[in-house]
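Here's the letter readout for the chains.
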Amino acid sequence: MTTKWCFQSTPKALTPHFALHSPAKMLEPVPDTDDALPLVPLSQEPVAYPLHHSLSHPVSRVSLCWSRGNSLRVSLFCQEPPESAIEATTALTTEDDGSGGVVVELSMSNGSSEIDDAEWRRIAYGSVAPFALLQNRKNSAVALSKLPIASLSNVEWWEYVMDYSKEINSLLVNSKLHPSSMIDDPRKIMKVIKEPTCLKAAWELWGIFYADKQHQAWLPECLVDWLADYDCLFSQTHPTVHSKLVDLQHDLVNLQTIEDNPKYWEGISSALAVGWLDIVVKLLHLHGCNQLDQIGSREVEKGLVDAVVFLVSKMPRLRSESVGGRLGECYKSRQDFNMAREKWRAKLTKLDCSGFWIQCGHQPTRDGLKNLLLIMLGDIDSLSASTCHWMEFYISHFLHMRPFTVGLESMYSLAQQCIQLKPVTHRHTLMGLLVGILGENTEVVLAECFKAFGPWMVAHSIELLSAGGEQSETILHQKRHNLGGISIEELHRIVYAQVLASHALTWQLAPIYLVSCEKQGMDLLEILLYRQPVQHNQGLLKILEYGRLYELGSVSSKIMMIAGIHHWKHGRKGSGIYWLQQAQDEVRLNKIALQLFDFVGKTVSSESFKQWEGLIELLGSDTKTAGGLEFLRKYRDFKKSLQQIPDGKVNDTARQAVESLMKLMKNPSTPQRFWLPLLYDSLKLLTWPEHPLLNVSETNLLLNKLQELSMAKLRPDYIDADLPPQALSSVRLALAKILDVLFSRSDNPFMQFRSKEAQTAGKSRLKKCHECPQLPHNTWKGPSICTKVVDI
Amino acid sequence: MAVMQTQNSLHIHKLPLSKYVDGLRWLPPLSAFDKFVVFSLFDSDSCSSSIEIHSLTATGNDHSISPSLSSASSFPSLSRTTSLRVSQSPYKILIAFSTFAGSLNLLFPVYSGDFTLETQLSVRDSSFHSGPISDIDVLENECVSVGEDGRVNLTSLCDSRLSYRRVFDSNGLVSYTAAKWASPMEFATGGLGFSLQWWDQRKPGEPALRFKGNWPQKTTHGIVHSIDIHPSRKHICLAGGSSGTVFAWDLRWQQQPIILSGVGIGERPTRSPSESDVWEVQYDCHLQSSNISSISSPRMLPVMMCAEDGILAVVGQGLEPVELLAESCAINNFDIDKQNNSHVICSLEWEAVAVLTRPSSAKLIPASMDGGLEPNSSTKSMLSYIFPLYCDHSPNFPELQFFGHARSGARNRLDRRSKQRQMMAAALATPILSSNLIRFRIHSSNLILPSIRKSYSNAVNLTPLFTERSNNYSLNLNYSHSIASAAGLWPVVLQKRASAIAVSSPFHPSLGVFCAKGYKMKTHKASAKRFRVTGRGKIMRRRAGKQHLLAKKNSKRKLRLSKMVQVHKSDYDNVIGALPYLKVNRQV
């Protein structure tokens, strides 16, 4: 059992996108084993954590799980610590310290990728806004016209797509700019301003073929420009014109008479073949005949070079306008272009036939210039000889042989011919992409893209593709059974959203992609929100913000509930109550209230109540959300008013205290175990010296409560308060006295009579109570008599 | 909502950092030509967090000047930070930060062309805070820290050793989320349910005051995320929290919150720039209304806030909110440069920071002008003057800064003079001198004359960074839209504003506190005992002649003399001069 085994046997299954979404496999060609994402350890030396466990055998030997981001966590348990542990750990170049196993974190990202994680994140952040904008525009356009998107192919729509394409393109520019020197070196022929990346090259290719309808007529010219920018990407694996010119650049410094060197002429012809006219002219200016001391002796030579320079710089091009001072005459319409080209070719043939060639004494110059003329006249052999890569050969066809008059179908067959003529050993990803695009094979294009550039590229380029034509649009939007009823477009968005969701910093981007998925988006969004950690308030509020934005009220309240429970369990009672209150979860609040009252019963004395002040403030005056905790507030009010009463003086505060007492006693949420302490505390009020503060009905209510309490005492779950044993009876006595006073003051003689009766009856009972406190009180009829009296 | 036009007034530069920004602060100026920002960063690739000091420098060519950040120093942190503060004393830097692990750390970096760490102190104790510290604040050498566990601790530095003491422990019954010093003895904290507490060290054991807001019904209570207290107005505690709420608690009128922004609060729908959580609030002195001729200024200074929905805005009482930045991701923190408050830096959720440069002479025309500002010739000429001033200045000047805003009045002259004193002091302390620096000053008395003169002996202005050379400068005014719509005619604009205020006045009688900014005025205590103000804003006094010789006065007369009457309008100025904090309404 070594780690090697698990690396080799499972790369495809572990690749995140293939593993998570097996339907994707059916659409895309199974990648070659060479091209599959390699498993690279997170850093050069993988971090290995020793595992200590005391599990008895047999334990599972290997466990795989996702770690943060794209990394995979491989845990190895040792069966027999002496041998296999050493075997496993030596494979990982870590030391064995006699532990029960190791955990290794492996990065699943493409190790050889040119873009690191931080850069990818930057691209992901930046591409959200254009994506969302395009979706919005699409939705509003659909809502307005009630027509399918394909019929929206008006000018405005293309502008939107172009905007989108350009914005994303601007993101892909590598942020690190090389400082460009201000002094122009005449011997410097290649300018390297920015580092091109395959990703940017691919995106531009998409833009040329699918987004840029304005330049559709000049498509071959766009390809020429594209190759000029990105030819260097191919030179990593093949000899290219670019690499040739870079070599020449190195040699130029050392060479004295460069026109004798065949490399010089090769470089010029290659540059001309792929249409880099600036470089051609620049190189020709370096020709020895242009030097001041040799002008006199090499006049004919110089005349020929100048003529070629003139012809090169006047080469007709079918494009809108010359970009950045590029050479060549630009023509917008095909007719003008054809006329100009005919004239230009006439000049070429005239020069070719002129007699000056014989007078030119320098052999290499003559051959080189002749070769240049042949290239410009479209001689296939010279073109083939001066280009390296099939792509360059292909581009040179457009420039010199069949200038800009080919359609997409013939472009594809031409590309096939070129590949046959100049076969390549290593298939570059961009080539596959280009062939796919030319072949108008949507599936192939998507598969190539996914393989080479990952889900970001696919999710975003699909927008261009669906704008590209009706056929690809139907392919992308068709609901498929094998994908669970979702379309390819949705599938790729979901895949990308999954990738985003796996990272702690990018999960907030995933909702934007998920809501654009009609079928499964919202469900996945809910799952995503549930999976986020809620420990910290800031993170929690960010989750809730998404709940609010996408109107997922039930999800939000559930998350708040989870947070509330979390805080409560960690001793942050205030936060717990707050979040449960926000979630309006009365069931849990009531449960919590019971626990809290235990706490109150122990700690609350009149002094330490100020500790509770903050919590009571938090509960607020809104009784609906507080649940059972509302009691706390009333209890506090009551205690406060009780403290304010001065001794023996009737005033409003005493009356207020009684009112709050009655409120507490009437409220069903007041727990039973607080009844007696409450009444005992308010004994001062009940035995008010001057006149009773309670009226008859209130007294009756309190007596009823007392009765209920004495019944409850018999039950096993009764919690005894820390009060003197006579508490109950003394309260009862006080209440009876109040009744006595009230009835005796009443004017009705009948009432007086009955009250005396009741009074005596009550007193006798009370005597009994005092004599024998253990006696069950349920036989006592006092209150019921009184109630009857009042009824009469 | 008036959005500043970005092309000609506000310069925004977004700088990706490729690390998550947990907190950021400007550092006080350390050298003449560098600006430093301290970040607390979290690197998700290596799961490590650090405190990094970056220097902010301007690069670029003549057409576009873009600031760039370069790391000057980095100190590792054990856990992610929750709060980051910098002590503002100019010659000693103190960086304090708190972590999720419940530790408080103080760093003392020393700058001499490069940062070196002199000392690093930290408190990490289970009895200090259990769980994350939610917020800290530093004043001089004392640091208050509050946590969700309901503990409030004061940590003080003495003899290069940290010692802490518990101020309060609620045992988790109350969680605190924000803290801010008001004075060396007092600080304020905020918590759940928009609760605010005022603590006084002379009253230990419990908060000295609690905010019992009479919030209107149907208010969803949120969490206070940030508190700010202006050093010259210590009685007002500003707080920002959930659902876009920014409110102020005036200790003198404790019941009613002054709501500056928020959703669904108050009878009147206030215009709120944001609907989600406001992460940070700070007083913003940049846009303060500085017209002293209208005595009735708004009660509150403008407030800058940043929110979860990517809004950085300035709100004020009686002012339209001004959006400075609208991002597609959350803005978690921001800081206004204390030395030059036209520079703001804010951190974006997407691992980036944005640097904002506001035009340094921006002057806000106050919305609530009780007819105070006439569109007089001086205002117009000021406008016409500033335009060419900005357009014509040569790019050779390393610095162009307007001292003070266009103001008039004796008080502000005083203010300006004190500012100049400060500058002189700074210049003397700075060894780098240059004689060819030119300072522009605006004299706002009668006509505005931009007199170009050599600066005082050695005065050096410290910020060469944001020198703007492009021609697209104009005076930025708030309400640029309305100005545009009124075809640039000033009188029309002002009438428009005035009518808008007239509509809103029935709801809020314009009670003004007639107090100048900048320094605190004292109440004349004898007068305070003799006058009072009614709810409508009238000043009342007692009547004379009821002390003696009462036998000859009949009862009707005596009764009349016992009642209070209103002070005559002509005497209002005298009373107000004595009692600057009286809430007077001159209209009733």
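Residues numbered from 1 in each chain as written. Chains lettered and ligands numbered in written order. Predicted model: local features only at pLDDT ≥ 70, side-chain atom pairs only at ≥ 80, totals over all residues. Heavy atoms only, no water.

> Just to check I follow, could you spell out the overall build of chain B for this structure?
Across its full length, chain B holds 7 helices and 36 strands. By residue count, 54% of the 588 residues in chain B fall in the buried class. A sequence separation of at least 24 residues applies to 57% of the contacts in chain B between residues at least 6 apart. When the accessible area of chain B is evaluated, it comes to approximately 25,700 Å², of which 53% is carbon and sulfur surface. (Helix = DSSP H or I, 4+ residues; strand = E, 2+ residues; numbered from the N terminus. Buried < 20%, exposed > 50% of the residue type's maximum accessible area, 1.4 Å probe, protein only. Contact = heavy atoms within 4.5 Å. Areas by Shrake-Rupley, 256 points an atom, 1.4 Å probe, with all protein chains shown as cover.)

> What's the story with the sheet that holds strand β7 (residues 81–87) of chain B in this structure? I'm lost.
Remark on secondary structure: sheet strands pair via backbone hydrogen bonds, oriented parallel or antiparallel. Residue and element names in this part refer to chain B. Taken together, 4 strands build an open sheet; the order of strands is β7-β8-β9-β10 and the sheet is antiparallel. Two strands lie at the open edges of the sheet, namely β7 and β10 (115–123), each paired on one side alone. The mean inter-strand angle of the sheet, taken between neighbouring strand axes irrespective of direction, is 20 degrees. Across 6 bridges, the pairing between β7 and strand β8 (residues 94–99) is antiparallel. Paired with threonine 81 across the strands is threonine 99, a residue of β8. (Pairing = 2+ DSSP bridges. Axes fitted to C-alpha atoms, helices over the stretch in contact; angles between N-to-C directions.)

> I'm lost on the environment of Phe194(B) in this one. Help?
All names here are of chain B. Turning to its location among the elements, phenylalanine 194 is positioned in the loop between β16 (186–191) and β17 (196–200). Classification of phenylalanine 194 as buried rests on a relative accessible area of 1%. Measuring from C-alpha to C-alpha, the distance between phenylalanine 194 and isoleucine 223 comes to 5.4 Å, with 29 residues separating the pair along the chain.

> What is the right way to read the pattern of salt bridges from this model?
Residue and element names in this part refer to chain A. One pass over the structure, following the stated rule, counts 31 salt bridges over all chains. As a salt-bridge pair, aspartate 163 and arginine 137 come within 3.9 Å of each other at their nearest N and O atoms. Of this pair, aspartate 163 sits in helix α7 (residues 155–171) while arginine 137 is found in helix α6 (residues 117–145), placing the two residues 26 residues apart along the sequence. Owing to a relative accessible area of 24%, arginine 137 belongs among the partly exposed residues under this scheme. Here arginine 588 ties to aspartate 585 by a salt bridge, and the two come within 2.8 Å at their closest N and O atoms. Overall, arginine 588 belongs to the partly exposed group, its relative accessible area being 32%. Bridged by salt links that share partners, the residues Lys138, Glu463, Glu489 and Arg493 form one connected network. (Salt bridge = Lys/Arg side-chain N within 4 Å of Asp/Glu carboxyl O.)

> What am I meant to see in the confidence of the model for chain A here?
Close reading of the predicted structure is inappropriate where its pLDDT is low. Residue and element names in this part refer to chain A. Residues of chain A with pLDDT of at least 70 account for 70%, and the chain-wide mean is 72. Below a pLDDT of 50 lies the segment residues 81–97, which in the model reaches 22 contacts outside its immediate sequence neighbourhood of four places, other chains included. This model gives residues 176–183 a pLDDT under 50, and the stretch forms 2 contacts once residues within four places in sequence are excluded. (pLDDT = per-residue confidence, 0-100.)

> Can you walk me through the interface of chain A and chain B in this structure?
Put simply, an interface is often sized by how much accessible area is lost when its parts join up. Facing the 36 residues of chain A at the interface are 40 residues of chain B. Here chain A and chain B share 5 salt bridges between them. The closest approach of N and O atoms between Glu349(B) and Lys542(A), which form a salt bridge, is 2.8 Å. Where chain A packs against chain B, one counts 16 residue pairs in polar contact (both at pLDDT 80 or more). A total of 8 residues in the side of chain A that touches chain B trace back to one element, the largest contributor, which is helix α30 (residues 610–619) of chain A. Tallied by class, residues from the side of chain A that touches chain B come to 12 nonpolar, 12 polar and 12 charged. (Polar contact = N/O pair within 3.5 Å; in protein donor to acceptor, adjacent residues only side chain to side chain. Nonpolar A, V, L, I, M, F, W, Y, C, P; charged D, E, K, R; others polar.)

> How should helix α32 (residues 630–644) of chain A be read in this particular structure?
Owing to its 3.6 residues per turn, the α-helix aligns residues three or four sequence positions apart on the same side. With 15 residues, α32(A) ought to run about 21 Å at 1.5 Å a step, and its terminal C-alpha atoms sit 22 Å apart, in line with that. What α32(A) keeps buried is the set Glu630(A), Phe631(A), Leu632(A), Tyr635(A), Arg636(A), Phe638(A), Lys639(A), Ser641(A) and Leu642(A). (Expected span 1.5 Å × (residues − 1).)

> Just to check I follow, could you spell out unusual backbone geometry for this structure?
Peptide bonds are, in most cases, trans, and in most cases residues other than glycine have a negative phi. Residue and element names in this part refer to chain A. If you check the backbone angles, glutamate 551 has positive phi at about 55 degrees while not being a glycine. Relative to the helices and strands, glutamate 551 is located in the loop between α26 (537–549) and α27 (553–569). Given a relative accessible area of 72%, glutamate 551 falls into the exposed group. Backbone geometry places glutamine 584, a non-glycine residue, at a positive phi of 55 degrees. Checked against the element boundaries, glutamine 584 lands in the loop between α28 (573–583) and α29 (586–603). A relative accessible area of 59% means that glutamine 584 is categorised as exposed.

> Quick question: what am I supposed to make of the sheet that holds strand β34 (residues 539–541) of chain B here?
All names here are of chain B. Taken in spatial order, the 3 strands line up as β33-β34-β35 in an open sheet, and their pairing is antiparallel. Bordering the open sheet on either side are β33 (532–533) and β35 (565–566), each of which pairs with just one other strand. Note: β34 against β35, 2 bridges, orientation antiparallel. Following the sheet pairing, arginine 541 is matched in β35 by valine 565.

> Explain a positive patch on the surface here, please?
A cluster of basic residues, Lys234(B), Lys520(B), Lys522(B), Lys525(B), Lys529(B) and Arg530(B), forms a positive patch at the surface. Topologically, Lys522(B) is positioned in the loop between β32 (512–513) and α5 (525–528). (Patch = residues over 30% accessible without salt bridge, like charges linked within 9 Å, V, L, I, M, F, W, Y side chains within 5 Å. Lys, Arg positive; Asp, Glu negative; His and termini not counted. Charge placed at Lys NZ, Arg CZ, Asp CG, Glu CD.)

> How should the nonpolar core be read in this particular structure?
In summary, soluble globular proteins display a tendency toward joint burial of nonpolar side chains. With 229 residues, the main nonpolar core has Phe209(A), Trp226(A), Leu284(A) and Leu312(B) as its most contacted residues. Counting residues per element, this core draws most heavily on helix α21 (residues 442–468) of chain A, which supplies 13 residues. Look past the residues within four positions of Leu312(B) in its chain and what remains in contact with it is Met304(B), Met305(B), Cys306(B), Val322(B), Glu323(B), Leu324(B), Leu325(B), Ile331(B), Phe334(B), Val344(B), Cys346(B) and Leu356(B). Within the second largest apolar cluster, 15 residues are counted, among which are Ala182(B), Phe194(B), Phe211(B) and Cys237(B). (Core = buried A, V, L, I, M, F, W, Y, C linked by side-chain atoms within 4.5 Å.)

> Explain helix α23 (residues 488–501) of chain A to me, please; I cannot follow it from the model alone.
Residue and element names in this part refer to chain A. With 14 residues, α23 extends 20 Å from end C-alpha to end C-alpha; this agrees with the ideal 20 Å at 1.5 Å per step. The element α23 is extensively covered by neighbouring structure, given that 12 of its 14 residues are classed as buried. Within α23, burial applies to Ile488, Glu489, Glu490, Leu491, His492, Arg493, Ile494, Val495, Tyr496, Ala497, Leu500 and Ala501.

> Could you clarify how one ought to interpret the packing of helix α14 (residues 334–353) of chain A against helix α16 (residues 363–377) of chain A in this entry?
Relative orientation and spacing of two packed helices are given, respectively, by the angle between their axes and the distance between those axes. Residues and elements named next belong to chain A. It is at 11 Å that the axes of α14 and α16 come closest, and there the two elements cross at 150 degrees. Overall, the two elements α14 and α16 adopt an arrangement that is roughly antiparallel. Between α14 and α16 the crossing geometry is left-handed. In contact with Arg341, Trp344, Arg345, Leu348, Thr349, Leu351 and Asp352 of α14, α16 contributes Lys370, Leu373, Met376 and Leu377. Partitioned by chemical class, the residues of the contact of α14 with α16 number 6 nonpolar, 1 polar and 4 charged. (Parallel < 35°, antiparallel > 145°, perpendicular 65-115°, else oblique. Left-handed = near helix turned anticlockwise from the far one by under 90°.)

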